[in-house]
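Overview (structure and organization)
The lines below spell out each chain.
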Amino acid sequence: MSNEKKKKAAGPIFGILAAILGLVGLAVTVYCSRMNSAYSLSNLNQTLLYSGIAAALACLSAFGKKNYSVLSTICQIGAIVLFVFAIGNILMERVLLASGLFSYNSQNQAGWQVFYVSVAAIAFYLAADLFLIISSFMKSVKD
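Before going into details, it helps to say that this report is about the structure given with it. Computed from a predicted structure; not experimentally measured.

Digging into the packing of aromatic side chains
With the rule as written, the count across this model stands at 8 aromatic pairs. An angle of 80° between the planes, with centres 5.5 Å apart, marks the rings of F14 and F131 as edge-to-face. Of this pair, F14 sits in helix α1 (residues 10–34) while F131 sits in helix α4 (residues 109–136), and the two are 117 residues apart along the sequence. Looking at F14, the relative accessible area reads 22%, which means it is partly exposed. Overall, the relative accessible area of 22% leaves F131 in the partly exposed class.

And the structure:
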């Protein structure tokens, strides 16, 4: 009977926080793409798919019934990889914008706003990855 009523440890909390940060990063990415039609992300659908699946995997990993289960570990690794792919998609789209802003087009106010929001989206995805890495080293249920 005591096995059925095990209390959750801190690991799943970090997994849920990672999923929330990933969803916030997803919302910021959509906002970044919709800010200015000249700077919209051409691969937005792929980025949304990656970050949505990664957030779902992060939530799924938080509901593991045993400490360090194989399914939970696979979900965490998959979520980390998909968040990194989302970061890569944003970076690939914003490299040309950043090079222009830091060299010849430094007075482009709209470009700077899009750049700052892109950096915020990347920061949310990196924080989600960090929380997933932390949660992978913590127990999911208390002994």
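As for the packing of α1 against helix α2 (residues 44–62)
Put simply, α1 and α2 touch, their axes get as near as 7 Å, and they point 165° apart. Classified by the interaxial angle, the pair formed by α1 and α2 is roughly antiparallel. Between α1 and α2 the crossing geometry is left-handed. Contact with α1, carried on its side by P12, G15, I16, A19, L23, L26, T29, V30, S33 and R34, involves L44, T47, L48, S51, G52, A55, A58, C59 and A62 of α2 and no other residues of that element. The class makeup of the residues in the contact of α1 with α2 is 12 nonpolar, 6 polar and 1 charged.

Notes on helix α3 (residues 70–101)
Under the 1.5 Å per step criterion, the end-to-end length of α3 is 45 Å for 32 residues, consistent within 8% with the ideal 46 Å. For α3, the principal kink sits at R94 and spans about 45°.

Focus: the environment of S37
Residue placement: S37 occurs in the loop between α1 and α2. Residues S37 and N105 lie 68 residues apart in sequence; the distance between their C-alpha atoms is 18 Å.

Cut-offs applied
- Residues numbered from 1 in each chain as written.
- Predicted model: local features only at pLDDT ≥ 70, side-chain atom pairs only at ≥ 80, totals over all residues.
- Heavy atoms only, no water.
- Phe/Tyr/Trp six-rings, centres within 6.5 Å; stacked < 30°, edge-to-face > 60°.
- Helix = DSSP H or I, 4+ residues; strand = E, 2+ residues; numbered from the N terminus.
- Buried < 20%, exposed > 50% of the residue type's maximum accessible area, 1.4 Å probe, protein only.
- Axes fitted to C-alpha atoms, helices over the stretch in contact; angles between N-to-C directions.
- Parallel < 35°, antiparallel > 145°, perpendicular 65-115°, else oblique.
- Left-handed = near helix turned anticlockwise from the far one by under 90°.
- Contact = heavy atoms within 4.5 Å.
- Nonpolar A, V, L, I, M, F, W, Y, C, P; charged D, E, K, R; others polar.
- Expected span 1.5 Å × (residues − 1).
- Bend = angle between axes of the 7 residues up to and from the residue.

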